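Given next are the chains, with one letter for each unit.
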Amino acid sequence: MDNELNWSNLSFGYIPTDYNVRCRYANGKWGEIEVSSSDIINMHIAATSLHYGQEIFEGMKAFRGADGKVRIFRLEENAKRIISSARGIVMEPVPEELFRKMVIEAVRLNARFIPPYGSGASLYIRPIELGMSAQIGVHPSSEYLFMVMVTPVGPYFKEGFKPTNICIMREFDRVAPKGTGRWKVGGNYAASMEAGERAHSLGYSAVLYLDPKEKKYIDECGPANFFAVKGGKYITPASESILPSVTNKSLMTLARDMGIEVEERHIPVEELAEIDEAGACGTAAVASPVAEIDDLDTGKKYVVSRNGEAGPITTALYNKLRAVQLGEEPDVHGWNTIVEGI
Ligand code: PLP
Ligand code: COI
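Residues numbered from 1 in each chain as written. Chains lettered and ligands numbered in written order. Predicted model: local features only at pLDDT ≥ 70, side-chain atom pairs only at ≥ 80, totals over all residues. Heavy atoms only, no water.

Caption draft 1: Focus on the overall build of the protein. Secondary structure summary: the protein contains 6 helices and 18 strands in total. In summary, the protein has a C-alpha radius of gyration of 20 Å against a globular reference of 20 Å for 342 residues, a match within 12%. C-alpha extents for the protein along the principal axes are approximately 55 × 50 × 35 Å. Burial status across the protein gives 54% buried among its 342 residues. The contacts in the protein between residues at least 6 apart in sequence include a share of 72% that link residues at least 24 apart. Accessible surface computed for the protein: about 15100 Å², of which carbon and sulfur atoms make up 52%. A gap of 1 Å separates the mean positions of the 37 positive and 45 negative side-chain charges of the protein. (Helix = DSSP H or I, 4+ residues; strand = E, 2+ residues; numbered from the N terminus. Rg over C-alpha atoms; globule rule 2.2 N^0.38 Å. Buried < 20%, exposed > 50% of the residue type's maximum accessible area, 1.4 Å probe, protein only. Contact = heavy atoms within 4.5 Å. Areas by Shrake-Rupley, 256 points an atom, 1.4 Å probe, with all protein chains shown as cover. Lys, Arg positive; Asp, Glu negative; His and termini not counted. Charge placed at Lys NZ, Arg CZ, Asp CG, Glu CD.)

Caption draft 2: Fine view of the site of ligand 1. Residues in contact with ligand 1 amount to 16 residues; listed here are only the nearest, Tyr189, Glu220, Ser245, Thr247 and Thr283. In this structure, Thr247 approaches ligand 1 through a side-chain N or O atom, which is 2.6 Å from an oxygen atom. If ligand 1 stood free it would expose 380 Å²; the protein chains cover 97% of that surface. Residues belonging to the shell around ligand 1 are distributed by class as follows: 6 nonpolar, 6 polar and 4 charged. (Near = heavy atom within 4 Å. Polar contact = N/O pair within 3.5 Å; in protein donor to acceptor, adjacent residues only side chain to side chain. Nonpolar A, V, L, I, M, F, W, Y, C, P; charged D, E, K, R; others polar.)

Caption draft 3: Inspection of the pairing of strand β12 (residues 224-230) at higher detail. Within β12, 6 of the 7 residues are buried, which leaves it mostly tucked inside the rest of the structure. The sheet contact formed by strand β11 (residues 218-221) and β12 spans 2 bridges and is antiparallel. Across the sheet, residue Cys221 finds its bridge partner in β12, namely Ala224. What sits between the antiparallel neighbours β11 and β12 is a turn of 2 residues, in which Gly222 has the positive phi angle 50°. Sheet topology note: the β12/strand β15 (residues 277-282) ladder contains 5 bridges and is antiparallel. Within the sheet, the bridge partner assigned to Ala228 lies in β15 and is Ala278. Pairing of β12 with strand β13 (residues 233-237) involves 3 bridges; the strand directions are antiparallel. Within β13, the residue paired with Val229 across the bridge is Tyr234. (Pairing = 2+ DSSP bridges.)

Caption draft 4: Spotlight on the nonpolar core. Among the nonpolar cores identified, the biggest contains 40 residues, and Trp30, Ile72, Phe99, Val103, Val107, Ile125 and Phe146 are the most heavily contacted of them. Residue assignment for this core shows that the elements contributing at least two residues are β1 (20-26), β5 (60-64), β6 (70-73), α2 (75-88), α3 (96-109), β7 (122-131) and β8 (144-153). Here the element with the most residues in this core is α3; it accounts for 7 residues. Phe146 has contacts with Val21, Arg22, Cys23, Trp30, Ile82, Val94, Phe99, Met102, Pro127, Ile128 and Glu129, leaving out every residue within four places of it along the chain. Counting residues in hydrophobic clusters, the runner-up holds 23 residues, among them Phe157, Ile235, Ile267 and Leu272. (Core = buried A, V, L, I, M, F, W, Y, C linked by side-chain atoms within 4.5 Å.)

Caption draft 5: Representation of the site of ligand 2. Around ligand 2 sit Phe12, Phe57, Gly59, Tyr124, Arg126, Tyr156, Lys184, Tyr189, Pro223, Thr283 and Ala284, and those are all the residues in its vicinity. At 3.5 Å, a backbone N or O of Thr283 approaches an oxygen atom of ligand 2. When ligand 2 is considered free in solution it has 280 Å² of accessible area, and contact with the protein chains removes 90% of it. Of the residues in the shell around ligand 2, the class split is 7 nonpolar, 2 polar and 2 charged.

Caption draft 6: Representation of unusual backbone geometry. A positive phi angle, close to 55°, is found at Arg74, a residue other than glycine. You can see Arg74 is positioned in the loop between β6 and α2. Owing to a relative accessible area of 12%, Arg74 belongs among the buried residues under this scheme. The backbone of Val90 shows a phi angle near 50°, a positive value even though the residue is not glycine.

Caption draft 7: Spatial organisation of the packing of helix α5 (residues 246-257) against helix α6 (residues 312-325). Following both chains from N to C, one finds α5 and α6 inclined at 105°, their axes separated by 10 Å at the closest point. Classified by the angle their axes make, α5 and α6 are roughly perpendicular. In this structure, α5 contributes Thr247, Ser250, Leu251, Leu254 and Ala255 to the contact, and α6 contributes Leu317, Lys320 and Leu321. (Axes fitted to C-alpha atoms, helices over the stretch in contact; angles between N-to-C directions. Parallel < 35°, antiparallel > 145°, perpendicular 65-115°, else oblique.)

Caption draft 8: Summary view of the environment of Cys23. Within the element layout of this structure, Cys23 appears in strand β1. Placed 12 residues apart in sequence, Cys23 and Val35 show a C-alpha to C-alpha distance of 8.9 Å. Contacts of Cys23, omitting those with residues within four sequence positions, involve Trp30, Gly31, Glu32, Leu98, Met102, Tyr144, Leu145 and Phe146.

Caption draft 9: Structural detail: α5. Taking 1.5 Å of rise per residue, 12 residues should cover 16 Å, and α5 covers 17 Å from first to last C-alpha, within 8% of that figure. Two or three places before Thr247, at the opening of α5, Ser245 has a side-chain oxygen 3.2 Å from that residue's backbone nitrogen. Directly after α5, the chain includes Gly259, whose backbone phi takes a positive value near 85°. (Expected span 1.5 Å × (residues − 1).)

Caption draft 10: Local environment of α6. The end-to-end C-alpha distance of α6 is 20 Å, a good match for the 20 Å that 14 residues give at a rise of 1.5 Å each. Turning to α6, its buried residues number three or more, namely Ile313, Thr314, Leu317, Tyr318, Leu321, Arg322, Ala323, Val324 and Gln325.

Okay, here's the thing in structure tokens:
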């Protein structure tokens, strides 16, 4: 069945795979890991995840490398972040070792869905945790379900590594100044949908959000962090209302390795007039170059790529990241978990 998949033409969509892996928390402890071949769950109609948004998730990728080995990128960082998200909205944190075991098991069980080396595609890993017990008052659940599902994916933006246009829109914030933006909470994405759909209908690939307090500084770019290159430096927003992106951290490390200076700081909107390159970075987005940033409220257009191509530093960072993920270059920082025997 999977042999019919056209690996090089996959989009970022859901393709059913063979198994998902589940574990329940009840009576103060995590139970046994269960393997399921169903993509349906059974839940209480008053579950806190359904009514009050007690839901968090993660996103990671596994790659078939040049040497045939399967590598999961930065598993430990995602394990830590889901714990931080759980604490953020008072859910039961998934122990790091349980997270690790379940992610590896989900990849192993669905090995036939890992796209081949050279296809440009990868196996997207989506861990998700839900509050399961019935509450009508606003209180945290006492029972949780943690699951890991996987699906093979291609590029998040259909243009792939071709620069796209993004827009600034002040009518919507996806998160509050001291709200849930620093955690990977489903509700953040619900809050971004109206703005996202408007942006798409106007031909933009994503919304570039400003800080929700003053609307002076760049925050992040739809489902990804934002970075720019200015005078040879990699600059990226420091903000308490954005998700700490594992990809962004990795790009910052790779940039420093390449001798590129990195600045994590507030980036005022007007500074967009002075940047040489820009990109959206994330597990799904990788490092997607930006061509132009249009401010829909002021009418100002910041043209970043004049020739419609990605800039040299964005391209070099993208290539380096991919090379590490695919085992084409040594994993000097120990970012990959190799899944043996598949
Ligand atoms: N910001 C948001 C809002 C995201 O949804 C994501 C995707 O996970 C990112 C940033 C990038 O994070 P990461 O690089 O860890 O995937
Ligand atoms: C990711 O990059 O893993 C994300 O979660 C982004 C998105 C598809 C919600």
